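# Summary of the model geometry
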Amino acid sequence: MLKGLERTEKQLDLYKNPDNDPRGSWASDNLLRTEEREYAIFEIVSPIGNKYLPPKGSSWRFNKDKIQELLSDNRIWFGEDGNSRPRYKRFLSEVRQDVIVNTLWKFDEVGHSDSAKKETAKILNESPNVFSTPKPVRLIQRMIKISCNEDDLILDFFAGSGTVGQAVLELNTKDNGNRSFILVQMPEPIEENSEAWKAGYRDIAEIGRARVRKVIEQIQAQATEKAQSPELFKDSENLTEQILASNPTGYNTATSRFGATT
Ligand SMILES: C[S@@+](CC[C@H](N)C(=O)[O-])C[C@H]1O[C@@H](n2cnc3c(N)ncnc32)[C@H](O)[C@@H]1O
C-alpha cells in the first residue's frame, strides 16, 4: 500500500488552538454534507443561544445524538466570537500523521523535465543538454518516500544519468535512512558532437557514474563542512573507486554503501 507523505509546513499551519483546547492544535472542518438526510436536519444551538439549521440541499454530517456528544465535548466551534456557523474541530493529534496525497506529481513539489535537465547539468557541471531525458530528483524521492522503507534496496534498470543514485544518497543524508541502490545502464554510445560527447562521455553509463561520484563527493564535502565525525565518511574515497573498478565490463552496475554492502 502506498504510504502517505509528511505534512508540509503549510498543511501544519492549518492547525491552531484559538480556544487553548487542552487536546492541542486543531483545524475546523465542515459539519455539513451536500445532501439532505432527514435524520440529520435539526437545529444546533450554540453556547450563546444562536440556532443553526443546515442550508437547503444539505444536512449535518452526524445525527442528533452525535452532535450533542460533540457539543458537550467542546468539539464544535462557533468562531472566536461564538457567532459563526458551527464547524467540527479536528485535532492534529487525532488525524493521520502523514497525508495521502490526491495527486502525486505537482510540478512545484516534484519538478519537471526542464528542472531535471538543469539539476543534472548542475551536479555534473555540464551543459543542460548533457542528458536529454533525466527525471527530477524530487520526483524519484517522492516515489521512494511513498513506496519504500528506509533500508530498502532500490533497483533502477534504466538508470540513464543516475538520478536514482542522487535521489537515494541525498534522501539518506536528509533523513538518516539506510537505503541502497543498484543502477543498471546498458553501454549506449553517446552521439558524436553531442554536448555529452564534447564533455568527454562516450557512453551513457559514464554519465551516471560521474553523477554518483559527484553526489558522494558533494555529500562528503557538506558533511566535512558540518564537521560531522570524520569516521562516517572515512572510506568514501576508496568506495567510489571500488564501485568504478568493480565492473569494467559492458553493463555498469553501481551500489553505494551510503546504503548497501557490496
Ligand atoms: C529515459 S532514460 C532513463 C533516465 C533516468 N531515469 C534518469 O533520470 O536519468 C532510459 C535509459 O534506459 C537505458 N536502457 C534502455 N534499455 C535498456 C536495457 N535493456 N538495459 C539497460 N538500460 C537500458 C537507455 O540507455 C536510457 O539511458
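Fair warning: this is a prediction, and the values are worked out from it, not measured in the lab.

Another aspect to go through is the site of the ligand. Taken together, 16 residues surround the ligand, and among them Lys135, Ser161, Thr163, Gln185 and Glu188 come closest. The side chain of glutamine 185 places a nitrogen or oxygen atom 2.7 Å from an oxygen atom of the ligand. In isolation the ligand exposes 610 Å². Once the protein is present, 77% of that is buried. Classifying every residue of the shell around the ligand by side-chain character gives eight nonpolar, six polar and two charged.

Moving on to the pairing of strand 11 (residues 180-185). Along strand 11, five of the six residues are buried, which leaves the element largely enclosed by surrounding structure. Across four bridges, the pairing between strand 10 (residues 153-156) and strand 11 is parallel. Across the sheet, aspartate 156 pairs through a bridge with leucine 183, a residue of strand 11. A crossover connection joins strand 10 to the parallel strand 11 through helix 6 (residues 163-175); in handedness this β-α-β unit is right-handed.

A few words on a nonpolar patch on the surface. Taken together, the side chains of Leu155, Phe157 and Phe158 make up a nonpolar region of the molecular surface, amounting to roughly 390 Å² of accessible area. Phenylalanine 157 gets classed as partly exposed once you look at its relative accessible area, which sits at 47%.

Turning next to helix 8 (residues 204-225). Counted at 1.5 Å a residue, the expected span for helix 8 with its 22 residues is 32 Å, and the 32 Å between its end C-alpha atoms agrees. With a side-chain oxygen positioned 2.9 Å from the backbone nitrogen of alanine 205, the residue opening helix 8 is aspartate 203. Once helix 8 finishes, alanine 227 follows within two positions and takes phi at roughly 50°, a positive value.

Moving on, we come to unusual backbone geometry. In this structure, asparagine 20 takes a positive phi of about 45° despite not being glycine. Residue placement: asparagine 20 occurs in the loop between helix 1 (9-12) and strand 2 (26-29).

Let us now look at the pattern of salt bridges. Under the counting rule described, the total for this entry stands at 18 salt bridges. Here arginine 90 makes a salt bridge to aspartate 29, at a shortest N to O gap of 2.9 Å. Here arginine 90 is found in strand 8 (residues 87-91), whereas its partner aspartate 29 is found in strand 2, with 61 residues between them in sequence. Arginine 90 gets classed as partly exposed once you look at its relative accessible area, which sits at 28%.

If you trace the backbone, leucine 183 turns up in strand 11. Classification of leucine 183 by relative accessible area gives buried; the value is 6%. Linking leucine 183 and leucine 155, residues 28 residues apart in sequence, is a C-alpha distance of 6.1 Å.

Moving on to the side chain of serine 161. Residue placement: serine 161 occurs in the loop between strand 10 and helix 6. Only 3.3 Å separates the side chain of serine 161 from the side chain of threonine 163, close enough to count as a polar contact. Beyond its immediate stretch of four places on either side in the chain, serine 161 contacts Thr120, Phe131, Pro134, Ile207, Gly208 and Arg211.

Okay, the packing of helix 5 (residues 137-147) against helix 6 next. Between helix 5 and helix 6, the shortest axis-to-axis distance is 9 Å and the interhelical angle comes to 65°. Crossing angle aside, the handedness with which helix 5 passes helix 6 is right-handed. Of the residues in helix 6, those in contact with Val137, Ile140, Gln141, Ile144 and Lys145 of helix 5 are Thr163, Val164, Gln166, Ala167, Val168, Glu170, Leu171 and Asp175. Partitioning the contact of helix 5 with helix 6 into residue classes produces seven nonpolar, three polar and three charged.

Right, let's talk about the environment of isoleucine 144 for a bit. Locating isoleucine 144 in the fold gives a position in helix 5. Taking the C-alpha atoms as reference points, isoleucine 144 and leucine 171, 27 residues apart in sequence, are found 9.1 Å from one another. Setting aside chain neighbours within four positions, we find isoleucine 144 in contact with Ile154, Ala167, Val168, Leu171 and Arg179.

Let us now look at the nonpolar core. Core analysis: the biggest nonpolar cluster contains 27 residues, and Leu124, Ile144, Val164, Leu169, Phe181, Tyr201 and Ile207 have the highest contact counts within it. Of all the secondary structure elements, the ones that give two or more residues to this core are helix 4 (113-124), helix 5, helix 6, strand 11 and helix 8. Formed by twelve residues, the second largest nonpolar core is a distinct cluster that contains Leu31, Phe42, Trp60 and Tyr88.

Parameters and conventions
Residues numbered from 1 in each chain as written. Predicted model: local features only at pLDDT ≥ 70, side-chain atom pairs only at ≥ 80, totals over all residues. Heavy atoms only, no water. Near = heavy atom within 4 Å. Polar contact = N/O pair within 3.5 Å; in protein donor to acceptor, adjacent residues only side chain to side chain. Areas by Shrake-Rupley, 256 points an atom, 1.4 Å probe, with all protein chains shown as cover. Nonpolar A, V, L, I, M, F, W, Y, C, P; charged D, E, K, R; others polar. Buried < 20%, exposed > 50% of the residue type's maximum accessible area, 1.4 Å probe, protein only. Helix = DSSP H or I, 4+ residues; strand = E, 2+ residues; numbered from the N terminus. Pairing = 2+ DSSP bridges. Right-handed = clockwise from strand over helix to strand, strands pointing away. Patch = residues over 30% accessible without salt bridge, like charges linked within 9 Å, V, L, I, M, F, W, Y side chains within 5 Å. Salt bridge = Lys/Arg side-chain N within 4 Å of Asp/Glu carboxyl O. Expected span 1.5 Å × (residues − 1). Contact = heavy atoms within 4.5 Å. Axes fitted to C-alpha atoms, helices over the stretch in contact; angles between N-to-C directions. Left-handed = near helix turned anticlockwise from the far one by under 90°. Core = buried A, V, L, I, M, F, W, Y, C linked by side-chain atoms within 4.5 Å.

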